[in-house]
Amino acid sequence: MDKEKCRKIEEAAKTWTLEAADLLQKSFENTLTITYKSHIADLVTNMDKNIEKFFIDKIQRTFPDHKVLGEEGYGDDVQDKSGIIWIIDPIDGTTNFIHQQSNFAISIGIYENGLGIMGLIYDVGSKNLYFAKDGEGAFLNDFKLPRLDKTSLTEAVIGVNATWVGPNKRINHENVQEVVRKSRGTRSYGSAAIELAYVASGKLDAYMTMRLSPWDFAAGLILLNEVGGLVTNTEGQPIKLLEQNSILAAKPGLHEEILNHLTN
Ligand code: IPD
Ligand code: CA
Ligand code: CA
């Protein structure tokens, strides 16, 4: 993509993200409408829907040839990776948005023919913007994030949800327990996008989870790629952009070490 085109997309994506964040902050003054999707823990609010529609409206007016894949389903029926696709999670961490009014993010990954062009993860509560552009590095606000150093499990703080530490149908929990036991500590923030941004910025050394959708990880993958973080599924296979995947994102060295435990 030529530089000027890329600059226009960047400017628009950043401006709209800040505007959307404002709408989210202001929404706390009003009563949220909360409904369930597949089950009682799968929540959606009027604001998830409004913010997705807000982005789609802006994108369609400004970049009519771009496609949108959004969690709430108001975007396009994206079946393949051709063209420019905005993969949007209007609120990642909806449960936190409802219960805590913090630790939720707007996540946008922009891809051209399947290649990551830019990623934005905006942690609305802390006003921290994690941003990356293909080949130009990753940033936390104005600060350029350094490349990630190699580390080992005994020195690592790992992002992992308690669900995977007990018996579950997706992974041998005893392998996960081994990783947890050997690590320096674990954290769980309830927003996959924030957890991926934390790995990219060195606040976490790794993040692993068993089922994410494209909008949960699209931006995070681009950020991690720019700082030398490794991302595969928990079997060590490449991530399929338009499908649900398990995710293991980690610093060099640590990725291989965790993978060895998980695939034992
Ligand atoms: C969820 C969050 C959560 C992760 C779930 C996601 P949502 O996204 O990222 O941390 O464990 O798998 O679905 O529903 O809040 O957008
Ligand atoms: Ca999400
Ligand atoms: Ca969401």
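Numbers given to residues run from 1 along each chain, matching the order in which its sequence is written. Written order decides the labels, with chains lettered from A and ligands numbered from 1. This being a predicted model, a pLDDT of at least 70 is required before a residue's local features are given, and a value of 80 or more before pairs of side-chain atoms are given or counted; all residues contribute to the totals for chains, interfaces and linings. With hydrogens and water excluded, all non-hydrogen atoms of the structure serve as input to the side-chain values.

Asks: Whenever I open this one, the pairing of strand β12 (residues 206–212) confuses me. Can you help?
Replies: Two faces make up the sheet, and in a regular strand the side chains alternate between them. Exposure classes here rest on a 1.4 Å probe applied to the protein chains alone. A residue is buried below 20% of its type maximum, exposed above 50%, and partly exposed in between. Here a strand is any run of E in DSSP of at least two residues, a helix any run of H or I of at least four, and the numbering for each starts at the N terminus. Within β12, 6 of the 7 residues are buried, which leaves it mostly tucked inside the rest of the structure. The pairing criterion is simple: DSSP has to find at least two bridges between the two strands. Bridging between strand β10 (residues 157–160) and β12 involves 3 bridges; their strand directions are parallel. Looking across to β12, one finds that Gly159 is bridged to Tyr207. Both β12 and strand β14 (residues 245–250) contribute to a ladder of 5 bridges, which runs antiparallel. Each residue of the ladder has a partner; that of Thr209, found in β14, is Ile247.

Asks: I tried to follow the coordination of the calcium ion (ligand 2) on my own but got confused; where do I start?
Replies: Tetrahedral coordination by four donors sets the ideal angle at the metal to 109.5 degrees; octahedral coordination by six donors sets it to 90 or 180 degrees. Coordinating N, O and S atoms are those within 2.8 Å of the metal (3.2 Å for Na, K and Ca), and as water is not part of the atoms, a site may appear to have fewer donors than expected. Looking at the calcium ion (ligand 2), one finds its protein donor set to be Asp89 (OD), Asp92 (OD) and Asp216 (OD), positioned 2.1 to 2.2 Å from the metal centre. Written as a sequence motif, the donor arrangement for the calcium ion (ligand 2) is D-x2-D-x123-D. The two metals, the calcium ion (ligand 2) and the calcium ion (ligand 3), are separated by 3.7 Å and share Asp89 as a common coordinating residue. Placement of Asp89 in strand β4 (residues 84–92) and of Asp216 in helix α6 (residues 214–227) is noted, with a sequence separation of 127 residues between them. Accessibility assignment for this pair places Asp89 and Asp216 in one class, buried.

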